[in-house]
Amino acid sequence: MKSDPAVKAFKKALRTSTIQAIRDLDPDARRAQEALLLDQVAELPGYRDAKTLLLYVKAFDEEIDTLPLIAKALEASRRVICPRVDKVAHQLELFEIEDLERDLEPGVLGIPEPRRTCRVVAPGEVDWVLVPGVVFDLRCNRIGRGAGHYDRFLPGVRPKVETWAIAFDCQILDPIPVESHDVPLRGVLTPAGRIAARA
């Protein structure tokens, strides 16, 4: 999964400027937008009917805090899966969590991840995925953190699985550079509305 040096540099610049734009948001406005987005996730295609949800845990200050979404799903007796980074294999491992306090621990870079004592889940069991990202375009391509974990993981889920992101409006830039290994999402939800890429 090698990138062209010029494209890699451009992605890095977009990542840096977008993170700064998020940090520059008014704190009250940002909290209101986060609450709005989290409330609307349940209305996204496939979410209500999905038995097994793959939800990530907020890892960086500029990311939307997904813990309320995870807590709500657990309270509703939904099956919740969270990823853990395998540093040796450079890929995501999936684990089922049942309790936020008991089942999460600091992982890579201190990011909360499922404990290895949690039940291991195969990608084929996942019905719906919330994907993190820094920058998105109108075709739902994404720029992540640069490690490529989700670009390696997403081809392994079933073809009809809905893959969505939630993002602030300042995270939508069009176009963004796309490489052969980049995997587009089904859609992105922002405070301004939904962007859907494909049927």
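For the structure, see preceding data.
Computed from a prediction, not measured in an experiment: that's the story for all the values here.

Enquirer: Talk me through the pattern of salt bridges; I want residue IDs and the actual numbers.
Expert: Overall, the coordinates contain 22 salt bridges when judged by the stated rule. Measuring nitrogen to oxygen at the nearest pair gives 2.4 Å for the salt bridge that ties Arg 48 to Glu 43. For Glu 105, the salt bridge is made with Arg 115, and the minimal N-O distance between the two is 2.9 Å. One end of the pair, Glu 105, is in strand β4 (residues 104-106); the other, Arg 115, is in the loop between β5 (112-114) and β6 (119-121), and 10 residues separate them in sequence. By sharing partners, the salt bridges in this structure join Arg 23, Glu 62, Glu 63 and Arg 145 into a single network.

Enquirer: So what about the packing of aromatic side chains? Which residues, and what values?
Expert: The description of an aromatic ring pair uses the distance of the two centres, along with the angle that the planes make with each other. On inspection of all chains with the given rule, the structure shows 2 aromatic pairs. Each ring, one from Tyr 150 and one from Phe 153, has its centre 6.3 Å from the other, and the planes form 85 degrees; the classification is edge-to-face. Linking Tyr 150 with Phe 153, this pair stays in helix α5 (residues 149-153), spanning 3 residues, or about one helical turn. For Tyr 150, a relative accessible area of 9% translates into the label buried.

Enquirer: Tell me about the pairing of strand β2 (residues 79-86), and please be specific about residues and values.
Expert: Burial analysis of β2 places 8 of its 8 residues in the buried class, which makes it a mostly covered element. Alternating positions in β2 separate into two faces, Arg 79, Ile 81, Pro 83 and Val 85 on one and Val 80, Cys 82, Arg 84 and Asp 86 on the other, with burial throughout. Note that the unit made of strand β1 (residues 52-54), helix α3 (residues 67-75) and β2 has a crossover that is right-handed. Bridge count between β2 and strand β3 (residues 91-97): 7 bridges; the pairing is antiparallel. Across the sheet, residue Ile 81 finds its bridge partner in β3, namely Glu 96. In textbook terms, the turn of a hairpin is the stretch between consecutive antiparallel strands, and for β2 and β3 this stretch comprises 4 residues, one of which, His 90, has a positive phi near 55 degrees.

Procedures and definitions
Residues numbered from 1 in each chain as written. Predicted model: local features only at pLDDT ≥ 70, side-chain atom pairs only at ≥ 80, totals over all residues. Heavy atoms only, no water. Salt bridge = Lys/Arg side-chain N within 4 Å of Asp/Glu carboxyl O. Helix = DSSP H or I, 4+ residues; strand = E, 2+ residues; numbered from the N terminus. Phe/Tyr/Trp six-rings, centres within 6.5 Å; stacked < 30°, edge-to-face > 60°. Buried < 20%, exposed > 50% of the residue type's maximum accessible area, 1.4 Å probe, protein only. Right-handed = clockwise from strand over helix to strand, strands pointing away. Pairing = 2+ DSSP bridges.

Geometric descriptors of this kind do not, in isolation, establish any biological role.
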